[in-house]
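Observations on the model geometry
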Amino acid sequence: MAERWTRQRRMEHTRSLLLDAAQEVFAKQGFGGAALDDIAEVAGYTRGAIYSHFGTKEELFLAVIERHINRFLDSFAEVIESFEGLDTLDIERLAEKWRDLTIAGPDSAALGYEFSLFLLRNPDARERLTAQRKEAVSSLANYITIHIDRLGGELQMPAETLARLLIASNEGITIFGHIDGDDLFGPFLQMVMANVSPKPATPRRARRRAD
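First, a word on scope: everything that follows refers to the structure included in this document. (Residues numbered from 1 in each chain as written. Predicted model: local features only at pLDDT ≥ 70, side-chain atom pairs only at ≥ 80, totals over all residues. Heavy atoms only, no water.)

1. Focus on the nonpolar core
Put simply, the rule reads: Here the nonpolar core consists of buried residues drawn from Ala, Val, Leu, Ile, Met, Phe, Trp, Tyr and Cys, with membership extended through side-chain atoms lying within 4.5 Å. We call a residue buried when its accessible area falls under 20% of the maximum for its residue type, exposed when it is over 50%, and partly exposed in between, using a 1.4 Å probe and counting protein chains only. Secondary structure elements follow DSSP: runs of H or I of four or more residues count as helices, runs of E of two or more count as strands, with numbering from the N terminus. Contact criterion: two residues are considered in contact whenever any of their non-hydrogen atoms come within 4.5 Å of each other.
Counting residues in each nonpolar core, the largest one holds 28 residues, and the members touching the most others are Phe26, Ile39, Leu60, Phe61, Phe115 and Phe118. Taken together, the elements giving at least two residues each to this core come down to α1 (7–33), α2 (36–43), α3 (47–54), α4 (57–81) and α6 (107–121). Aside from chain neighbours lying at most four places away, what touches Leu60 is Leu19, Ala22, Phe26, Leu36, Ile39, Ile50 and Phe54. Phe76, Leu89, Phe185 and Val196 belong to the second-largest nonpolar core, a separate cluster that totals 25 residues.

The structure is reproduced here in structure tokens:
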């Protein structure tokens, strides 16, 4: 017997298809060049569906960016959680995961650049989204702190500073790799990990080792 879709499930499905289409069009045509009619056509819906779910082109764009960032970060969770300590952390595995996420081309990174250009060109939007952007940095900093601590390491710079650097560098590392043909994922991660050192042994641990 075919499963009946609830109204909520149908709405979520439509929203997901609209976001998929919008991500594709925004990445290829930019925020300014992307037309809602084009997005609706790719998704297989009308422009009215976009208005119904998101209200405006700007809100649709922001929803695409939020989902894009969350998916990117979540994709690393399984790999990072597989490491038990700094001595088992495999930078090449992390770099390989990063490569996998960009294997289809630089469109994903281009989307991030579009968001940066959007904020640069729209002071009102930049001010309106200040709190949201700070929350994203804080969330990433907390993610970094938790995992570095779990692995038995400590950062040589504030976690929030590292989070800002990672957000600012991600698209550039990806796009320049595609432009120049240089694989920068591994070297960049090595540079990041150079700012992580093992935690000093506690007195209790030191006594046990002496014994």
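2. Side note on the pattern of salt bridges
A side chain of one charge can pair with a side chain of the opposite charge when the charged atoms of the two come close. Note the following rule: Think of a salt bridge as a Lys or Arg side-chain nitrogen and an Asp or Glu carboxyl oxygen that are within 4 Å of each other.
Overall, the coordinates contain 8 salt bridges when judged by the stated rule. Where Asp37 meets Arg47, a salt bridge forms, and the shortest distance between an N and an O atom there is 3.5 Å. Within this pair, whereas Asp37 is found in helix α2, its partner Arg47 is found in helix α3, the two being separated by 10 residues in sequence. A relative accessible area of 43% places Asp37 in the partly exposed class. We classify Arg47 as partly exposed; its relative accessible area is 38%. Put simply, Arg164 and Glu160 hold a salt bridge, and the shortest N to O gap is 3.6 Å. Of this pair, Arg164 and Glu160 both sit in helix α9 (residues 159–180), 4 residues apart, which is roughly one turn of the helix.

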